Amino acid sequence: MITTIKERKYLQFLLLLVVFYLLCLIVPPSDSNILWRFPPLLKQLPIIINDSVNYLLFDWWLIDVWDPDIEEFEQKPLVNLITRAFSGVILFMIEFIREIMLGGVKTIVTFSGWEWATANPWARWPALPWTVVAGGATIIGYALKGPRLALFVFFTFAYIALFGQWEPSMETLSFVLIAAPVSVLLGLALGVWAFRSRRVETIMNPLLNVAQIVPHFSYLIPVMIFFGIGDHAGAIATVIFATPPMVRLTLLGLKKLPPEVAEAGLMSGCNNRQLLLKVLIPTARRDILIGVNQVIMQCLAMVVIASLIGAKGLGNNLLIALNGLRIGLALELGVCIVLIAIMLDRLSLAWANKQTDYFADLSFVQRNKFSLIFGVVFVAGIILAYIGSFFFKDGFNYLYLIPHNKGITTQDFWQSGVDWIWDTFFYSLKGFNEWLIIDVLVPVKTAYLGMPVIATFTLVMGVGFIVGGTRVALSVGGFLLFIALTEWWDRALITAYLVSLAVVISSIIGIVAGTLCAQHPVTTRFILTVCDTFQTFPSFIYLIPVMMLFGVTDTSVLIAIVVYTTVPATRYTVEGLISVPAALHDAGSMSGVNRIQRYFSIELPMSFPHLALGVNQTVVFALSMVIIGALIGTDDLGQLILGSLSDRQGVGNGLILGLCVAFIGLAIDQIIRTWANQRKQALGLD
Amino acid sequence: MTSQAETSSSSTPVIRCDSVYKIFGANAKNMLDASNGIVDAAKFQEAGCIVGVNNASFEVFPGELLIIMGLSGSGKSTLLRCISRLTDATGGKIYIDGEDILSMNDKQLIELRRSKMGMVFQSFALLPHKTVLENIAFPLQVKGISTEASIKRAKEMVDLVSLTGRENYFPRELSGGQQQRVGIARSLAIEPDIWFLDEPFSALDPLIRKEMQDEFLRLQGALSKTILFVTHDFDEALRLADRIAIMKDGIIEQLDTPANIVLNPATEYVRKFTEEVPREKVLKIESVMDPFNPTQDMSDLKVPKNAIIETVAESILNSSKPVAVINEEGAIVGSLTASKVVNVLFGGHTGKSGEQSS
Ligand SMILES: Nc1ncnc2c1ncn2[C@@H]1O[C@H](COP(=O)(O)OP(=O)(O)OP(=O)(O)O)[C@@H](O)[C@H]1O
Ligand SMILES: [Mg+2]
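Scoring rules and cut-offs
- Once a new chain begins, its residue numbering starts again from 1 and follows that chain's sequence as written.
- Both sets of labels track the order of writing: A upward for chains, 1 upward for ligands.
- Given that the model is predicted, a residue must reach a pLDDT of at least 70 before its local features are reported, and side-chain atom pairs must reach 80 or more before they are shown or counted; all residues, however, enter totals for whole chains, interfaces and linings.
- The basis for every side-chain value is the complete set of non-hydrogen atoms in the structure, without hydrogens or water.
- Numbering of helices and strands runs from the N terminus, with a helix taken as a DSSP run of H or I at least four residues long and a strand as a DSSP run of E at least two residues long.
- For the radius of gyration, the atom set is restricted to C-alpha positions; the globular benchmark scales as 2.2 Å times the number of residues to the power 0.38.
- Relative accessibility thresholds used throughout: buried, under 20% of the residue-type maximum; exposed, over 50%; partly exposed, between the two (1.4 Å probe, protein chains only).
- By definition in these notes, contact holds between two residues if any of their heavy atoms fall within 4.5 Å.
- Method for areas: the Shrake-Rupley scheme with a 1.4 Å probe, in which residue coverage is limited to the protein chains shown.
- Note: two strands are recorded as paired if DSSP finds a minimum of 2 bridges between them.
- What counts as buried area is the accessible surface, traced by a 1.4 Å probe, that two parts surrender upon association, with contributions from both included.
- Throughout this description, the term salt bridge denotes a Lys or Arg side-chain nitrogen within 4 Å of a carboxyl oxygen of Asp or Glu.
- Polar contact is the term for a pair of N or O atoms within 3.5 Å; when the atoms are in protein, one must be able to donate a hydrogen and the other to accept it, and sequence-neighboring residues count only if both atoms are side-chain atoms.
- Charged means Asp, Glu, Lys or Arg here, nonpolar means Ala, Val, Leu, Ile, Met, Phe, Trp, Tyr, Cys or Pro, and polar covers whatever is left, Gly included.
- What counts as a domain boundary in this text is fixed by an automatic or database domain assignment.
- Geometry is summarised by axes, namely lines fitted to C-alpha atoms with helices restricted to the contacting stretch, and by angles between N-to-C directions that run from 0 to 180 degrees.
- When two rings of Phe, Tyr or Trp (its six-membered ring) have centres within 6.5 Å they constitute a pair, described as stacked for plane angles under 30 degrees, edge-to-face for angles over 60, and tilted for the intermediate range.
- Distance and angle both matter: a charge sits over a ring if NZ of Lys or CZ of Arg is within 6 Å of the ring centre and within 35 degrees of the ring normal.

A. Layout of the overall build of chain B. Each helix and strand in chain B was counted, giving 15 helices and 14 strands. Here chain B has a C-alpha radius of gyration of 23 Å; the compact-globule value for 358 residues is 21 Å, and the two agree. Considered along the principal axes of its C-alpha atoms, chain B spans approximately 70 × 55 × 35 Å. Per-residue burial over chain B gives 52% buried out of 358 residues. Put simply, of all contacts in chain B between residues at least 6 apart along the chain, 66% involve residues at least 24 apart. Approximately 15,800 Å² of chain B is accessible, and the part contributed by carbon and sulfur atoms is 49%.

Written out as structure tokens, the structure is:
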């Protein structure tokens, strides 16, 4: 009996389930019962964190600084000085780019001081006419890649201008143009460092793991405390969030290189710097460019979130539009963000792949043709803007700067569309919504909340044990214990409920859709393209259409998560299935199985490791989306994190809450990954 | 392919290795010091160390082509990487043109590579983001030569390896043979004195390989560099080598001319290794000829004494009388009969080789 259980995993699972149910039945729900809920022993932790942060920021290492205003030395804390100086630099760079495009006075103020600038009102940096910016960008697109990219760039800028989103778009662009390069360089540097030193790598790896699952919001609070509020704070938060994938992909790319590449570089006489910059990094550029792409996507995904701590631009407007349920406007803004994201991605890619032609024997005009064309566009744009100032008398010069929200708009169309849908399908939508909430969501939620903590531990650690033995069981238990000892166990359960529902639904959809599409090369390519496209959308974009239909409810959040997370589930399914060697298909067919048998007996088991990783990604995506769902109101951990934002003492809470979310993710990640690796080894895929 | 080793042994060696060891593993250095130079691979393995090169001592002279052979894992690449100091030898001394390279600092080493060394890799190891021309110009550019000059030189190299017209291709757009031509051109761009080739043609299919060997011989004929050449392929070794080193488990079992290796194997391993080698491809007329007997009725045909048998076998077999063997000055030093050649080709334990060579 015992030996059979030892051999058969499903029997072990069955036994585990029975124990789990028994525990659920036996343990009575009462707050004084330690088996029902653990006491919040870590309650003080957030406060301790707050205190130490405050100490660090205001009392630690005071140094004397000369204050020119009161002409005296003043004691200031070191950390505070450093962060202020850092903020100042970042802010200056953002403002500088912003004023090139939109005009302004801050750059001049930086060098001359407010008094002088106020006394000399003429000393204002003039904005470039939007035609010049659009034209310049188009020329860059053409120079880097060719007419198709140029057309796309032009279309993007034209869209932005026509829809009256010029100002917020340029604000966002200036923000991204600082945050993205900083993240890329930082990520590259850290990645190279980890590549050079084994010790750094072992330290960095777990940090990266946590950093990628900790929800965006958790960064906001410490950033806000250390750096204040504004564009620079948004940029810093963005950099913190966008750098880890860059580090990881840089490291991955460098480690994948065959040693002969470095040797060839050395034998060519490279010194260390040349080896790195001219040989290793360019050769690993496939992965590094994926990293750059990720950075750009993260930057634009952060646009909305960064606006919570004062970043100006599209994100802020989008947030306001979403809160005001102005779906049409939100849609237009969302398209702006997506277009900018794709444009930056393509431009950076084209720049990285650019090659020089050594053969052409060019004249001066040919060599400098792009600069010359830009010169022409520049002058023409200014002349146009000047002419425009005679045409448009009412204060808005459309040929110079298109004022905010004064462009064309399709809002009414979308609004009437939404109205029409509401009018026509009111009862079915409402019915579906109510059914989902009353018959599915609420019961599941109640069930989750009705689990005694001891039962949850038994279940999760048991699964960990069956899959990976004592080590996995213990580490998973450790993650859970941390959450259980905070005061937010119930909230964590709610998060878990939303995530697990969404993961189950999207995994089913993804695996089915992926399987169907993987049957034919054409549909395979099609579905991969679709996945690529959807992956470029920042996550909150998905909230717009569902809110259109279901308003601010758990349904909306659930559906948005499902839509968002179906993408990785589908992609990994397809990739897993097409990686099954064709020889195996033939072997299967030859032994007389039909297609469905073949799928279940050969393809599915062979691609299981891939599928498992897909589900893993789904979990990570779902967790990050749950937090975004908090933006429109759910009552899980995300909501609390959002709440701690507006609290001066929120650092500790925010961090601990963020860790809670991350630990849920890490626990699931650990189990799935161990399992997938075992299957991989069993199938000889490693 | 004359035996330069003998003629130039009086001049100073370009490369000299003195008891070179390379042992992988955390504790390698200490273990080597404790072992007094007698390294037993099995014992080291138990301690978690892998022996790559074991007590290698030899010299390579200017213009000589030394081939390093051995089974996979015998330490050929490791030896090459020690001499080019891509990896630091664990023990021993290595001299290039009399200079101890193990004591060189980074700067000197870079200078050495920039002026004296070129290397060709089995997997080509081209830079994927650079075109053919840029790849070839790369060693020049890292040296700080102006773009214009380096591109000009690279173009000459492109012509030299017959890739004209493909200057602007990327490596991924080239066939394996073409990629290796780029690798060869890159390694020659700085006009190195010493040329390392680590199985340069192993990744190519046999036809292309033959073509590349011809190309290589043509280049070597024109450039006459000092060469260390690693290969798996005995035919290749015989076509190219002045001397051959045979390695096993990091130890150089024998280092000698092709003929000596085949005729007088130093160890049982070398004998096994060379057993299958067709002798007519190795042996020179000299080593099988009979003494000249002036009374004999000779054919009009004369063959040089240092010709490889295979190259003249057909004409000897076709002549009914013994053939005269002459030295460099044209004086007759021996004779050779058709039956003797048949014996070499098909007789003895080299019987199989006759079938192989046909
Ligand atoms: N970086 C390394 N770390 C540990 N062991 C190594 C390393 N490089 C090589 N070795 C070991 O040293 C031995 C010799 O390897 P080497 O690459 O020199 O063989 P080789 O003769 O070139 O083989 P091949 O013909 O397959 O290229 C092998 O046992 C190998 O496993
Ligand atoms: Mg090798």
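Moving on from the coordinates now.
B. Structural view of the pairing of strand β7 (residues 194-198) of chain B. Residues and elements named next belong to chain B. When you tally the buried positions in β7, you get 5 out of 5 residues, the bulk of the element. Taking every second residue as pointing to the same face, both faces of β7 are buried, with Ile-194, Phe-196 and Asp-198 on one and Trp-195 and Leu-197 on the other. Pairing geometry for strand β6 (residues 117-120) and β7, over 4 bridges, is parallel. Paired with Met-119 across the strands is Phe-196, a residue of β7.

C. Fine view of the interface of chain A and chain B. On the side of chain B, 30 residues touch chain A, which itself brings 21 residues to the contact. Both sides of the chain A and chain B interface together cover about 2,400 Å² of buried area, and 62% of this is carbon and sulfur. Across the contact surface, chain A and chain B share 1 salt bridge. In this structure, the connection of chain A to chain B is made through 6 residue pairs in polar contact (both at pLDDT 80 or more). Breaking the side of chain A that touches chain B down by element, the ones donating at least two residues are α13 (259-267) and α14 (272-283) of chain A. With 6 residues, the single largest contributor to the side of chain A that touches chain B is α13 of chain A. Considering only residue class, the side of chain A that touches chain B consists of 9 nonpolar, 7 polar and 5 charged.

D. The arrangement of the domain arrangement of chain A in detail. We note that the domain assignment places domain 1 (49-119) and domain 2 (424-452 + 487-650) within chain A. A C-alpha centroid distance of 45 Å is found between domain 1 of chain A and domain 2 of chain A.

E. Here's a closer look at the sheet that holds strand β9 (residues 243-248) of chain B. All names here are of chain B. Reading across the sheet, the 6 strands line up as β6-β7-β8-β3-β9-β10 and stay open at both edges, with mixed pairing between neighbours. The open sheet has two free edges, formed respectively by β6 and β10 (251-256), since each of these has just one partner strand. Taken pair by pair, the neighbouring strands of this sheet meet at an average axis angle of 15 degrees, ignoring direction. Relative to β10, β9 runs antiparallel, the two sharing 5 bridges. By the bridge assignment for β10, Ile-244 is matched with Asp-256. On the sheet, helix α5 (residues 106-116) packs against β6 and β7 and is oriented at approximately 75 degrees with respect to β6.

F. Up close: the packing of aromatic side chains. This structure, assessed with the given rule, holds 26 aromatic pairs over all chains. Measuring from centroid to centroid gives 6.1 Å for Phe-92 of chain A and Phe-96 of chain A, while their planes differ by 25 degrees, and the two rings are stacked. Of this pair, Phe-92 of chain A and Phe-96 of chain A both sit in helix α4 (residues 78-102), 4 residues apart, roughly one helical turn. You can call Phe-96 of chain A partly exposed: its relative accessible area is 33%. Ring pairs connect the aromatic residues Trp-195, Phe-201, Phe-216 and Phe-229 of chain B, which therefore count as one cluster. The cationic tip of Arg-172 of chain B hangs over the ring face of Phe-170 of chain B; the distance from NZ or CZ to the ring centre is 4.8 Å.

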